[in-house]
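A look at the structure
Each chain, written out:
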Amino acid sequence: MKLKSFHNSMSSNLLLSSIQFHFHPQHHHHLNSCSPKAHQYNSSKGSSLTAQSKLAKHELLNLISDQDRGLKTQKNPAKRDSIINAIDALADLGSDTVTTGTSLSATWRLLWTTEKEQLFIIENAHLFGTQVGEVLQVIDVEQKLLNNVITFPPDGVFFVRSNIEIASPQRVNFRFTSAVLRGKNWEIPLPPFGQGWFESVYLDDDIRVAKDIRGDYLVVDHAPYNWKE
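Residues numbered from 1 in each chain as written. Predicted model: local features only at pLDDT ≥ 70, side-chain atom pairs only at ≥ 80, totals over all residues. Heavy atoms only, no water.

Under an unreviewed UniProt entry, the name given to the protein is Probable plastid-lipid-associated protein 11, chloroplastic isoform X3, and the organism recorded is Ziziphus jujuba. Per UniProt, the protein carries the Sequence similarities (unreviewed entry) text "Belongs to the PAP/fibrillin family." According to the UniProt record, the Subcellular location (unreviewed entry) comment for the protein reads "Plastid". (UniProt positions renumbered as here; feature names shortened; annotations may be inferred.)

What follows is the structure, given as structure tokens:
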């Protein structure tokens, strides 16, 4: 694996590839909790939203299933619009939810994105004698830590460490603290830079959907393992 050459040619793109997201406003509904009609309304509304969420989620996952993590979407504006419409529909259904609690802590695996830096690395890593494996975001809310990770099987990995702060029910602020490009028997530290925030506009037991301040979108699922340095 020619990861050192890969580093020399692409380190700036790697450092730019940290995942960020955008904010969707919250909408709160108030009902008289003492009223039987209110309880009935809440129950029926909850069931309706659950059904809608399942349909919207299924539609989104179906749309991105053949998009090669977003590479094919770059060349298909109509498909991109359809996916974004599906994301916005799911975000509307999740607008009253809290997505910055302990359920945010996980190893998240990239399914689809519009972020050009991520997609550039995924598409062009083979030119440097390597390939991109899984792209991950590892979040620990309690420890206030976040790692953005790009793997290069069998032994290579690039990751950016960040500190995070919960800013709102759906917003997380972050600041990069360090970055490392690592091979089997070597490691190259890279200077970190930048800070920002992201919004998880939808979160359930399977997936998380996010939008960033630049207007980029991200869909991730729970990885079947916990990534550790």
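**Points about the pairing of strand E7 (residues 195-203)**
Burial runs high along E7: eight of the nine residues are buried. Note: strand E5 (residues 171-182) against E7, five bridges, orientation antiparallel. By the bridge assignment for E7, Arg171 is matched with Glu199. For E7 and strand E8 (residues 207-211), the ladder comprises four bridges, and the chain directions are antiparallel. Directly across from Tyr202, in E8, lies its bridge partner Val209. Between E7 and E8, which pair antiparallel in sequence order, lie three residues. (Buried < 20%, exposed > 50% of the residue type's maximum accessible area, 1.4 Å probe, protein only. Helix = DSSP H or I, 4+ residues; strand = E, 2+ residues; numbered from the N terminus. Pairing = 2+ DSSP bridges.)

**Here we look at the side chain of Arg69**
Topologically, Arg69 is positioned in the loop between helix H2 (36-64) and helix H3 (77-93). Within the buried set, Arg69 has no salt-bridge partner at all; the shortest N-O distance to an opposite charge, 5.0 Å, is to Asp68. (Lys, Arg positive; Asp, Glu negative; His and termini not counted. Salt bridge = Lys/Arg side-chain N within 4 Å of Asp/Glu carboxyl O.)

**Describing the pairing of strand E4 (residues 156-166)**
The pairing of strand E3 (residues 145-152) with E4 spans eight bridges and is antiparallel. The residue bridging Asn148 from the neighbouring strand is Val160, located in E4. The turn joining E3 and E4, which pair antiparallel and follow one another in sequence, is formed by three residues. Where E4 and E5 come together, 10 bridges link them in antiparallel fashion.

**Focus: the confidence of the model for the protein**
Parts of the prediction with low pLDDT should not have their coordinates interpreted in detail. For the protein, per-residue confidence averages 84 on the pLDDT scale, and 79% of positions sit at 70 or higher. Counting contacts from residues 14-45, a segment whose pLDDT is below 50, to residues more than four positions away or on other chains yields 80 contacts. (pLDDT = per-residue confidence, 0-100. Contact = heavy atoms within 4.5 Å.)

**Some points on the pattern of salt bridges**
One pass over the structure, following the stated rule, counts 11 salt bridges. Residues Asp206 and Lys57 are paired through a salt bridge, measuring 2.6 Å at the closest nitrogen-oxygen approach. Of this pair, Asp206 sits in the loop between E7 and E8 while Lys57 sits in helix H2, and the two are 149 residues apart along the sequence. Judged by its relative accessible area of 42%, Asp206 falls in the partly exposed class. Residue Arg171 is joined to Glu199 by a salt bridge in which the shortest nitrogen-to-oxygen separation is 3.5 Å. Residue Arg171 is found in strand E5, and its partner Glu199 is found in strand E7; the two are separated by 28 residues along the sequence. With relative accessibility at 24%, the residue Arg171 sits in the partly exposed group. Through salt bridges that share partners, Glu115, Glu117, Asp212, Arg214 and Asp216 make up one connected network.

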